[in-house]
Amino acid sequence: MPDAPSDFRYKRVLLKVSGEVLMGDQSYGIDMKTVDVVAAAVARVAREGVEICLVIGGGNIFRGLSKAAEGMDRANADYMGMLATIMNALAMQGALEKIGVDTRVQSAIPMAAIAEPYIRRRAMRHLEKGRVVIFAAGVGAPFFTTDSGAALRAAEMGCDALLKGTSVDGVYTADPKKDPNATR
Ligand code: UDP
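Residues numbered from 1 in each chain as written. Predicted model: local features only at pLDDT ≥ 70, side-chain atom pairs only at ≥ 80, totals over all residues. Heavy atoms only, no water.

S.K.: Lay out the nonpolar core with the relevant residues and their values.
M.R.: Counting residues in hydrophobic clusters, the biggest one holds 28 residues, and the most contacted among them are Ile52, Leu54, Met92, Leu96, Val132 and Ile134. Counting residues per element, the ones that place at least two in this core are strand S1 (12-17), helix H1 (32-47), strand S2 (51-56), helix H3 (74-98) and strand S5 (132-136). Ignoring sequence-local partners within four residues, the contact set of isoleucine 134 consists of Leu54, Ile56, Ala89, Met92, Gln93, Leu96, Arg104, Val105 and Gln106. Counting residues in each nonpolar core, the second largest holds 13 residues, with Cys53, Tyr118, Met124 and Cys159 among its members. (Core = buried A, V, L, I, M, F, W, Y, C linked by side-chain atoms within 4.5 Å. Buried < 20%, exposed > 50% of the residue type's maximum accessible area, 1.4 Å probe, protein only. Helix = DSSP H or I, 4+ residues; strand = E, 2+ residues; numbered from the N terminus. Contact = heavy atoms within 4.5 Å.)

Below, the structure written as structure tokens:
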């Protein structure tokens, strides 16, 4: 694996992509054309030698908090949300592998038939070999979000930067899509 060229500021990064990004123009689910666009951007940087971790959200398919508000048990709803992140991770894996990027999906909830379990040192090894590692199922516990998962994995992997690709352009006092008074 060549060293990252000097014009790249970071050698190892974690990119968190929110589920909503993967919806494209749809109001729900996975838009594979959009997944392909994100995958192509990731591939471009990975080919330059930057080591890339991905954490994909699940909000395009299932958001635990909103279902809990509708009367579902919060922990159960959150587990369903984590399953949604695994589906998104597999979609992203497919898109990357299709264009020749080696990937591994590691899930915080063991699911032996479709993904590796999360093993920190194994994930490190994949990165060193130039594979893009996709971390699925957040931190593997309810009452968290994939943002927490992204921060945790970035720290564990010793990433130089944690980047976030989302449909909101910064940190607001409230959800700017719902609250017109939210300030950035
Ligand atoms: N989730 C969870 N624990 C985690 C990560 C995710 O319980 O460690 C659940 C939670 O219900 C969350 C859903 O999975 O709403 C989808 O993740 P998130 O909302 O972070 O996705 P994003 O907003 O990035 O699309």
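Moving on from the coordinates now.
S.K.: Lay out the packing of aromatic side chains with the relevant residues and their values.
M.R.: Within the structure shown, the criterion is met by one aromatic pair. With centroids separated by 5.7 Å and ring planes inclined at 75°, the aromatic side chains of tyrosine 118 and phenylalanine 135 adopt a geometry described as edge-to-face. You can see tyrosine 118 sitting in the loop between strand S4 (116-117) and helix H4 (120-128) and its partner phenylalanine 135 sitting in strand S5, a full 17 residues away along the chain. Across the pair, exposure class does not vary: tyrosine 118 and phenylalanine 135 are buried alike. (Phe/Tyr/Trp six-rings, centres within 6.5 Å; stacked < 30°, edge-to-face > 60°.)

S.K.: Before we move on, can you summarise the packing of H1 against H3 with the specific residues and values?
M.R.: Geometrically, a packed helix pair is captured by the angle between its two axes and the distance between the axes. At a closest axis distance of 9 Å, the pairing of H1 and H3 adopts a crossing angle of 60°. Here H3 runs oblique to H1, going by the angle between their axes. For the pair H1 and H3, the crossing hand works out as right-handed. Contact with H1, carried on its side by Met32, Val35, Asp36, Val38, Ala39, Val42 and Ala43, involves Ala91, Met92, Ala95, Leu96 and Lys98 of H3 and no other residues of that element. Partitioned by chemical class, the residues of the contact of H1 with H3 number ten nonpolar, no polar and two charged. (Axes fitted to C-alpha atoms, helices over the stretch in contact; angles between N-to-C directions. Parallel < 35°, antiparallel > 145°, perpendicular 65-115°, else oblique. Left-handed = near helix turned anticlockwise from the far one by under 90°. Nonpolar A, V, L, I, M, F, W, Y, C, P; charged D, E, K, R; others polar.)

S.K.: Kindly report on the layout of surface pockets, identifying the contributing residues and their values.
M.R.: Taken as a whole, the largest pocket spans an internal volume of roughly 1,200 Å³. Every residue lining the largest pocket is counted, 43 residues in all, and those nearest its centre are Lys16, Glu20, Arg63, Thr145 and Asp147. Elements with a minimum of two residues in the lining of the largest pocket: helix H2 (64-69), H3 and helix H5 (146-156). Taken together, the residues that form the lining of the largest pocket break down as 14 nonpolar, 18 polar and eleven charged. Taken as a whole, the second largest pocket holds about 210 Å³ of empty space. As for the second largest pocket, its lining consists of Phe8, Arg9, Tyr10, Val13, Leu15, Val38, Ala41, Val42, Val45, Val50, Ile52 and Leu163. Looking at the lining of the second largest pocket, the elements with two or more residues in it are S1 and H1. When residues of the lining of the second largest pocket are assigned to their parent elements, the largest contribution, four residues, is made by H1. (1 Å grid on protein atoms, 1.4 Å probe; cavity = no way out; pocket = protein on both sides within 12 Å on 5 of 7 lines; lining within 4 Å. Points joined across faces, edges and corners; volume = space filled by probe spheres on them.)

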